[in-house]
Amino acid sequence: MEWKQPDIRPKAKGKLPVCLCLDISGTMEGEPIQELNQGMQRFLAEVDSDLEARECAEIAIVTFGGSVQKVVDFAPAAGIKAPAFVADGLTPMGEAVTLALDLLAQRKQSYKDAGTEYFQPWLVLMTDGEPTDHWEDAARRSSELVRAGSLVLIPVGIGSGANLEALRPFSPQLPPLRMQDHKFNEFFRWLPKSIGNRSRTPTGQGAPLHPDIMSWADAMIR
Amino acid sequence: MAELNAETGAPHSERHTIVRRWLVAAAAVRGRHHEQEGTPCQDRVQVVERDGVLAVAMADGAGSARHAEIGAQCATDVVCELLVSAFDHLWCCRSGDLPHQLLAPLLAQLEQSAVAQSVHRRELASTLLFVAVKGRRYIAGNLGDGVVGCERTGQTAVLCYPQRGEYANETFFVTSTQAPQQLEVQLGTTDGMAAFCLMTDGAADILYDRRAQELAPAVQKTWAWLDTSPPAAVSQALEANLRQFCHPTTGDDCSLAIVRRVAMSPITLRTRPAPYQRAFLGNGTAQGARNRLRVLEALSPHPTHPISIAEVSKATGLSPQAVRRHAQALRRVLELDAEPLPGGLTPVGHPSPLSTSG
């Protein structure tokens, strides 16, 4: 009484698009940008070694520091070679979030067109300061998506200088999280676990976060 | 069409008698995620056979609910009990009332469990699938991302399709506000039905082709296992196969239940191993099953005239009381009656209860 491989129909893995939207403005210069670069390498390695995250995650990276750049287009972690970021310029966070949302929407559409199952897109927004451009439209758009259950947004303030209130308008559900100083490694270890933890939820709810969140975050600001 | 002897419940048939019996095998396997986390399997399968009703219910606890395994157990317990005790009532309900009739008692019980656990009811969220058969009728249902399938007139078919949201991890649960609208209930006759299957989404990941929206070929092959192997052995085989094939594909808990209408002559039944005979005849002891098989054989091979309890007693060496007890039990577990269908439905082309063949 054994099944044979040709008699079963293993489903194709669902995809989870993750866009990292990273602040590399001038204030990140020095130790923060070094730690971000190291953390990014760790993140890609961790995603690749996490069985669940590796199967589903496709990662893109958008940076904002002076200008907004799509540094990496959606790809599995193993195929990404992240460049070393250089801190410079102001903090055009509104423009960066707009680009990130556009990229996530395009990626979702490509899954639809191909008949590939997919999970709620993730946007990880990290900043050590506050936006220096017009951010209101981008915040409104991300908030609507989050409320509709169509986006998981992780707002992270880097270190004690980040203005968490500036992140709040982008994230109507999950309060901004302050990364304790020098906890990039912990954050980038935690993120793949949360990506891999795709428990089923009632329709219209966001994804649950991995409980190890306190390994890197201060208490959530309600 | 053979008729039943009024005294013994046995048919009058001309030649070899074929008897039919619904058998069930089921397994729930803890998924890789829960194994890694050391958390329990949140799938539950329940089977209840009583008063001429066979009910199978399955529930897949929501990963996002803290006590999903408690909720899933509650859902299967309540729904099986309801299907067994109120089958005729449910069958006669207007279709629009059925979801409420099924969900209201379940939600009430979940509320009690939630109070006992000091949690909100949503922490007990689960999906729900079920099949119940009584005589010539079945009730099947699905709420969530599981699949209910069947084999009818030799063809596999999906009875209830999975219900999902836009995203791969979204579905509906018994505690969802949309549950009454989402609970799909199917009523029908078992005419031409050879099997049912129920599977949670973890098992559906390998046994249901989502693009073609059809069951995988493995399902049809699996049904046939119950023709020759006892349900306990088939259940073990299901567990082993789910472990072997689901684990590499999905991290989710996986459950599968197969419900097979087995048809065979007492002569064939005698060639089956003792555990199979016990399951088929609904008698747990080896001696009891042997005696019951002798009664069945005495009742069925060539009774062109009504056979009395005294004659069966004489043929089997069993006391008249024992013969009567076995005959009544056979009536309960085997498909014997071409029972009339409520609601004005007339049996059409139904095979005779202990029909003749050849």
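Residues numbered from 1 in each chain as written. Chains lettered and ligands numbered in written order. Predicted model: local features only at pLDDT ≥ 70, side-chain atom pairs only at ≥ 80, totals over all residues. Heavy atoms only, no water.

## Digging into the overall build of chain A
Applicable threshold: Numbering of helices and strands starts at the N terminus; helices are DSSP runs of H or I of at least 4 residues and strands are runs of E of at least 2. Only protein chains enter the calculation, and the probe is 1.4 Å; a residue is then buried if its accessible area is under 20% of its type maximum, exposed if over 50%, and partly exposed in between. For the accessible areas, the method is Shrake-Rupley and the probe is 1.4 Å, while residue cover comes only from the protein chains on display.
When you go through chain A residue by residue, the secondary structure sums to 6 helices and 7 strands. For chain A, the N- to C-terminal ordering of α and β elements is β-α-α-β-β-α-β-α-β-α-β-α-β. Residues counted as buried form 53% of the 222 residues belonging to chain A. When the accessible area of chain A is evaluated, it comes to approximately 9,200 Å², of which 49% is carbon and sulfur surface.

## Focus: the confidence of the model for chain A
Which entries qualify depends on this criterion: Note on scores: pLDDT gives the predictor's confidence for each residue, bounded by 0 and 100.
Mean pLDDT over chain A: 85, with 87% of residues reaching 70 or higher. Taking the mean pLDDT of every element in chain A, the minimum, 55, falls on strand β7 (residues 201-202) of chain A and the maximum, 95, on helix α3 (residues 93-114) of chain A.

## With respect to the packing of helix α1 (residues 31-49) of chain A against helix α6 (residues 184-196) of chain A
Residue and element names in this part refer to chain A. Going by this rule: For helices, the fitted line uses only the C-alpha atoms of the stretch in contact; every axis is such a line through C-alpha atoms, and the angle between N-to-C directions lies from 0 to 180 degrees. Geometric relationships in this document are graded by angle, where less than 35 degrees denotes roughly parallel, more than 145 denotes roughly antiparallel, 65 to 115 denotes roughly perpendicular, and other angles denote oblique. What makes a crossing left-handed is the near helix being turned counterclockwise from the far one by less than a right angle; a clockwise turn instead makes it right-handed. Between two residues, a contact is recorded if the distance between any of their heavy atoms is within 4.5 Å. Following the grouping adopted for this structure description, the nonpolar residues are Ala, Val, Leu, Ile, Met, Phe, Trp, Tyr, Cys and Pro, the charged ones are Asp, Glu, Lys and Arg, and the polar ones are all others, Gly among them.
At a minimum axis separation of 8 Å, α1 and α6 run at an interaxial angle of 30°. Our classification of the angle between α1 and α6 gives roughly parallel. Note that α1 runs across α6; the crossing there is right-handed. Of the residues in α6, those touching α1 at P32, E35, L36, Q38, G39, M40, R42, F43, E46 and V47 are F184, N185, F188, R189, L191, P192 and I195. Of the residues in the contact of α1 with α6, the class split is 10 nonpolar, 3 polar and 4 charged.

## Focus on the interface of chain B and chain A
Using the following cut-off: Joining two parts hides part of their accessible area as seen by a 1.4 Å probe, and the buried area is that hidden amount summed over both. The working definition used for a salt bridge is a side-chain nitrogen of Lys or Arg within 4 Å of a carboxyl oxygen of Asp or Glu. Two N or O atoms count as a polar contact when they lie within 3.5 Å, although within protein this holds only if one can serve as hydrogen donor and the other as acceptor, and sequence-adjacent residues are included solely when both atoms are side-chain atoms.
Each partner contributes to the interface: chain B provides 46 residues, whereas chain A provides 34 residues. Of the roughly 3,400 Å² buried at the junction of chain B and chain A (both faces included), carbon and sulfur atoms supply 51%. A per-residue breakdown of the area chain B buries against chain A is headed by B:Y167, B:N169 and B:F245, which together make up 21% of the total. Our count for the contact surface shared by chain B and chain A stands at 7 salt bridges. Across the pair A:R9 and B:D209 runs a salt bridge whose closest N-O atoms are separated by 3.9 Å. Counting across the interface, chain B meets chain A through 15 residue pairs in polar contact (both at pLDDT 80 or more).

## Some thoughts on the packing of aromatic side chains
To keep things clear, this is the line we draw: Stacked, edge-to-face and tilted labels apply to pairs of Phe, Tyr and Trp rings (six-membered ring for Trp) whose centres lie within 6.5 Å, assigned for plane angles under 30 degrees, over 60, and everything in between, in that order. Geometrically, a charge over a ring is one whose NZ (Lys) or CZ (Arg) sits within 6 Å of the ring centre while staying within 35 degrees of the ring normal.
One pass over the structure, following the stated rule, counts 8 aromatic pairs over all chains. Seen from their ring centres, A:W3 and B:F245 are 6.0 Å apart, and the 50° between their planes marks the pair as tilted. Here B:F245 lies in helix α8 (residues 231-249) and A:W3 lies in the segment before β1 (16-23), a pairing that spans two chains. We classify B:F245 as buried; its relative accessible area is 7%. Ring plane angle 45° and centroid distance 6.1 Å describe the contact between A:W135 and A:F170, whose orientation is recorded as tilted. Here A:W135, found in the loop between β4 (122-127) and α4 (136-147), pairs with A:F170, found in the loop between α5 (164-167) and β6 (177-179); they are 35 residues apart in sequence, far enough to count as distant. Taking relative accessible area as the criterion, A:W135 reaches 26% and is therefore assigned partly exposed. One aromatic cluster is present, built from ring pairs that chain together A:Y111, A:Y118 and B:Y167. Against the face of B:W91 rests B:R137, its NZ or CZ located 5.4 Å from the ring centre.

## What about the side chain of B:S113?
Within the secondary structure, B:S113 is located in helix α4 (residues 98-117). Setting aside residues up to four positions removed in sequence, B:S113 forms contacts with B:C74 and B:L124.

## Re the packing of helix α2 (residues 68-85) of chain B against α4(B)
Residues and elements named next belong to chain B. Relative to each other, α2 and α4 sit at 145°, their axes nearing to 9 Å. The handedness of the crossing between α2 and α4 comes out as right-handed. Residues I70, G71, C74, A75, V78, V79, L82 and L83 of α2 touch α4, and the partners they reach there are Q101, L102, P105, L106, Q109, L110, S113 and Q117. Of the residues that constitute the contact of α2 with α4, the class distribution is 11 nonpolar, 5 polar and no charged.

## Overview of the sheet that holds β4(A)
Residues and elements named next belong to chain A. Basically, it comes down to this: Strands are labelled as partners when DSSP assigns at least two bridges between them.
The sheet built from 6 strands is open, its strands ordered β3-β2-β1-β4-β5-β6 with mixed pairing. Among the strands making up the open sheet, the edge pair consists of β3 (67-75) and β6. Averaged over neighbouring strand pairs, the angle between their axes works out to 20° when direction is ignored. The sheet contact formed by β4 and strand β5 (residues 152-158) spans 6 bridges and is parallel. Considered in β5, the bridge of L125 is made with P155.

## Remarks on the environment of B:A286
Tracing the backbone through its elements, the reader meets B:A286 in helix α11 (residues 286-299). It is 6.9 Å that separates the C-alpha atoms of B:A286 and B:A274, two residues lying 12 residues apart in sequence.

## Comments concerning the pairing of β3(A)
All names here are of chain A. Pairing between strand β2 (residues 57-65) and β3: 6 bridges, direction antiparallel. Its bridge partner lying in β3, V62 is registered against K70. Linking β2 back to β3 in an antiparallel pair, the connection comprises 1 residue, with G66 at a positive phi of about 80°.

## Re the pattern of salt bridges
Close approach of charged atoms allows side chains of opposite charge to pair. All names here are of chain A. Within the structure shown, the criterion is met by 28 salt bridges over all chains. Between K70 and D73 there is a salt bridge, with its nearest N and O atoms 3.5 Å apart. Since its relative accessible area comes to 41%, K70 is described here as partly exposed.

## Quick look at helix α7 (residues 217-225) of chain B
Rule in force here: To obtain the arc, one takes the directions from the helix axis to the C-beta atoms.
Among the residues of α7(B), those classed as buried are B:A218, B:V219, B:T222, B:W223 and B:W225. Looking down the long axis of α7(B), one finds its buried residues gathered within 145° of arc, a one-sided arrangement.

## Some details on the nonpolar core
To keep it simple, the criterion reads: Take the buried Ala, Val, Leu, Ile, Met, Phe, Trp, Tyr and Cys residues and link them wherever side-chain atoms come within 4.5 Å; each set so joined is a nonpolar core.
Core analysis: the largest hydrophobic core is formed by 52 residues, its most contacted members being A:W3, B:M199, B:L207 and B:F280. Aside from chain neighbours lying at most four places away, what touches B:F280 is B:V19, B:R21, B:L23, B:V262, B:M264, B:L269, B:V333 and B:L334. Within the second largest apolar cluster, 42 residues are counted, among which are A:V18, A:M28, A:L44 and A:A53.

## So, the side chain of B:R210
Residue and element names in this part refer to chain B. By the element assignment, R210 lies in the loop between β13 (208-209) and β14 (214-215). Classification of R210 as buried rests on a relative accessible area of 17%. Polar contacts involving the side chain of R210 include one to the side chain of D205, which spans 2.8 Å.

## With respect to the sheet that holds strand β9 (residues 155-160) of chain B
Residue and element names in this part refer to chain B. The strand order across the open sheet built from 5 strands is β3-β15-β12-β8-β9, with neighbouring strands paired in antiparallel fashion. The strands lining the two open edges of the sheet, one partner per strand, are β3 (19-29) and β9. For this sheet, the mean inter-axis angle between neighbouring strands, taken without regard to orientation, is 20°. Across 11 bridges, β3 lies against strand β15 (residues 254-264) in antiparallel orientation. Looking across to β15, one finds that V19 is bridged to M264. Docked against the sheet, helix α10 (residues 274-281) engages β3 and β15, running at close to 110° with respect to β3.

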